[in-house]
Each structure stands twice: as structure tokens, then as C-alpha cells.
Amino acid sequence: MTSIRRRDLLAASAAVVLLPRVSRAEPAPIPVAVSSANGIPAVKRACELLDPALLATQTRTSTVGRDHRPVHAAVQGVSLVENDPKDMSVGLGGLPNENGVVQLDACVMEGTTGLGGAVAAIENIQNPSQVALRVMDRTDHVLLVGKGAYRFARAHGFRHAELLTEAARKRWLRWKENLSDKDDWIPPERDKGGTITCLARAPNGHMGGCTTTSGLAYKIPSRVGDSPIIGAGLYVDDTAGAAGCTGRGEACILNCASFLAVEFMRQGRTAMQAALETCRRIVARTKAKRLLNAGRPAFNVKVYCLRNDGTHGAASIWSGGKYAVRDAKGARLEPAQFVFKRS
Ligand code: ASP
């Protein structure tokens, strides 16, 4: 009896050890960054800041890349998009909440230390990603919200900024004027919002990431999405990989989507498989009738993955998605995998 038990035990432990694992590629010798499709400038900037050749040429007085952490590189990358008034999904020019007020969410995470920082529903600060980095670096907390986050940013020297651009105000006003279905106006197509996520890996294997957004357009004031929630909109762990999400934040929160994607990579899946498997999980867990259209999710989520060996991939629930990447082959958009093909 005892020997059978021992044999069973041995077989069981062998099964654990021998679980099929996807073999890891040779670690990339150059920096790699992955981002949402609006993140070409972000991946270029992040990789520039982590380029060993560039770092070697820097003098002590240089301001370029003084901070060599991937989390910092990711923040600098997304800051370019936060500062772009034409991108209506983040920072300056982001679409406002239903009261016409721009409220921003962002988080950062560092794969080496396991630390993270975030701000949610912050107003009048153009670079919430940088404030999130300060929360991580300069406090013992992870998440600051609303007025407290604003005061914290001001204490750290961030400027008070009007973030509602004329273009965003006009879009909001058009939405507001067409709110009622009891009049003769034909409502415009609903603006969805958007987000940028950026995941970066340095040649030494250290990883960091950042997700930043103005959230869903015309949201209920103080609604917080997945972007500032560690594990939902972003998760980074040097021992497995990094993941970020865009799309319907509520679905990413309810499914701990980024954390799940990183755990899938830890189990041995490729970055692409991990992203797709996470989308499939969200599909399987979406059961409320109001969220379904002919039995399938009536919304989209995109998951972006960068494995700790520098390989990458992305997937979305609905086809047509792309992701930005910068690796040995340069900066470009790559197609994302999908669960359902749009008809
Ligand atoms: N994930 C963002 C949020 O829910 C929005 C988006 O990516 O479109 O706030």
C-alpha cells in the first residue's frame, strides 16, 4: 500500500515537472517594447531610452535616459501620446466625462521590484502616467484618487492644465445635445474612448509597464476603469512577462485580465497564446444579457503581452486589431489574434 502510494506520488510529481512548456527563445539582446496601436511613438521612445549603445554614450549631465528603468522608459513613451492633443483617448485632448470634465486614470508597474503606482479620476494634470510613477517611487501607497491625487501631483510640481481641447469639447457637446431618444435628433455614433499601454523590456531582462487613459467617453463622473488597476489594466513580473489591456475596462477588472495573461505566460504559453486565452476567458465569463449580442460580447477588449524572453503578441475579442512593437526588426504595427471575426 505504502509503495503504491509512493509510486503514485512519484508519478504525480513527474507529471508536474514534465508539464508541456513552450520553450523560451534566447533572451533578446536589445530593448523590446510593445504598445497599443496608437503607441508607435511610445515604443520608439521607450527603446531609445533603454538602448545600451545610447546609454553608454551618455554623460553625467545628459538628461536623456538618466533613469534607466524600463518602467521609466514606458512612462516617457506614453507621455508623448498623453501630450498629443489629437489623441482623444489619453491626457491632453482626452474625451471628458458626462459633465464635460476630463478625468484621467493611469498606473505603472515594475517587474523587478514588484512595485506599482496609480492615480484614478485625476483632473487637470496632463501626464497621469508620470504621477503614477511618483506614487510608486515616492509613497508607500499604490493608488491615489481624485482631488488627493491632484494635490499630490501639484506637490510634486506638476502644472495645473486645462485638458479639454476645443475638438473634445465639441464632440462632448454633440453627444450631450443628442442624449434624449424622445426628440427628433438622430444620435451620433457613440465615442468609445481609448487607452495607451506600453510594456518595455531592457536587455538585462528587467521589465516595466504603464497604462494611461481618459477612460470611457462620457462616463459617469468618478467612474474608474481598468487602466489604473494593477492586475486589470497592467501587470508586470520579470519572472514571467508583462501584459496590458485596452477596451472595456469593466471586463478587464472582473477578469483580472493582465494578471491572468502574465500567469498564462508563466505556465509556458507564448505571448500570443496568453493574450488570446485571456480574451477567451473574458468571453466565457460574459453572461449578462445586456453585454451580449447574438450570444457574443457586444464589446471589445485587447490584451497585449511581452514575455520575459522578449517575444510578444496581442489578441482581441473581435478581429481587426493591431499592436505596436519595437524589437530587432524595428518599430511597426503587427496584427493581433482574435476570438471572433467581425462580419
Ligand atoms: N480601458 C479603458 C477604460 O475602460 C478604455 C479603453 O481602453 O477604451 O477606461
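Report follows, based on the coordinates. Just so it is clear, the model here is predicted, and its values are computed rather than measured.

## Observations concerning the packing of helix H5 (residues 128-138) against helix H6 (residues 146-155)
For any two helices packed against each other, one specifies the crossing angle of their axes together with the interaxial distance. For the pair H5 and H6, interaxial distance at closest approach is 10 Å and the crossing angle is 85 degrees. Classified by the angle their axes make, H5 and H6 are roughly perpendicular. Within the contact between the two elements, H5 uses Val131, Arg134 and Val135 and H6 uses Ala149, Phe152 and Ala153. Tallied by class, the residues present in the contact of H5 with H6 amount to five nonpolar, no polar and one charged.

## Observations regarding the site of the ligand
Neighbouring residues of the ligand: twelve residues in total, closest Thr195, Arg223, Asp226, Gly247 and Gly249. Interatomic distance of 2.7 Å between a side-chain N/O atom of Arg223 and an oxygen atom of the ligand. Gly247 places a main-chain nitrogen or oxygen 2.6 Å from a nitrogen atom of the ligand. Surface burial for the ligand is 96%, taken as the share of its 270 Å² of free accessible area covered by protein chains. Looking at the shell around the ligand residue by residue, the classes come out as one nonpolar, nine polar and two charged.

## Considerations on helix H9 (residues 257-266)
Across the ten residues of H9, eight count as buried, placing the element largely inside the fold. Looking only at H9, the buried set comprises Ala257, Ser258, Leu260, Ala261, Val262, Glu263, Phe264 and Met265. Contact partners of the buried residues in H9: strand E7 (234-237), strand E8 (241-247), helix H8 (249-254), helix H10 (271-284) and strand E11 (301-307). Looking at the residues trailing H9, positive phi occurs at Gly268, about 115 degrees.

## Looking at the sheet that holds E7
Spatially, the five strands line up as an open sheet ordered E7-E8-E11-E12-E15, and their pairing is mixed. A strand with exactly one partner marks an edge of an open sheet, and here the two such strands are E7 and strand E15 (337-340). Strand after strand, the sheet turns through a mean of 15 degrees between neighbouring axes, direction not considered. When strand E12 (residues 312-318) meets E15, the two strands line up parallel, connected through three bridges. Residue pairing in the sheet places Trp318 in a bridge with Phe340 of E15. Lying over the sheet, H9 contacts E7, E8 and E11, oriented at roughly 145 degrees with respect to E8.

## Structural notes on the packing of helix H4 (residues 70-82) against H5
In the contact formed by H4 and H5, the axes pass within 8 Å of each other and the chain directions differ by 155 degrees. Taken together, H4 and H5 sit at an angle that is classed as roughly antiparallel. Listed contacts from H5 to Val71, His72, Val75, Gln76, Val78, Ser79 and Glu82 of H4 are Pro128, Ser129, Gln130, Leu133 and Met136. Considering only residue class, the contact of H4 with H5 consists of six nonpolar, five polar and one charged.

What counts and what doesn't
- Residues numbered from 1 in each chain as written.
- Predicted model: local features only at pLDDT ≥ 70, side-chain atom pairs only at ≥ 80, totals over all residues.
- Heavy atoms only, no water.
- Axes fitted to C-alpha atoms, helices over the stretch in contact; angles between N-to-C directions.
- Helix = DSSP H or I, 4+ residues; strand = E, 2+ residues; numbered from the N terminus.
- Parallel < 35°, antiparallel > 145°, perpendicular 65-115°, else oblique.
- Contact = heavy atoms within 4.5 Å.
- Nonpolar A, V, L, I, M, F, W, Y, C, P; charged D, E, K, R; others polar.
- Near = heavy atom within 4 Å.
- Polar contact = N/O pair within 3.5 Å; in protein donor to acceptor, adjacent residues only side chain to side chain.
- Areas by Shrake-Rupley, 256 points an atom, 1.4 Å probe, with all protein chains shown as cover.
- Buried < 20%, exposed > 50% of the residue type's maximum accessible area, 1.4 Å probe, protein only.
- Pairing = 2+ DSSP bridges.

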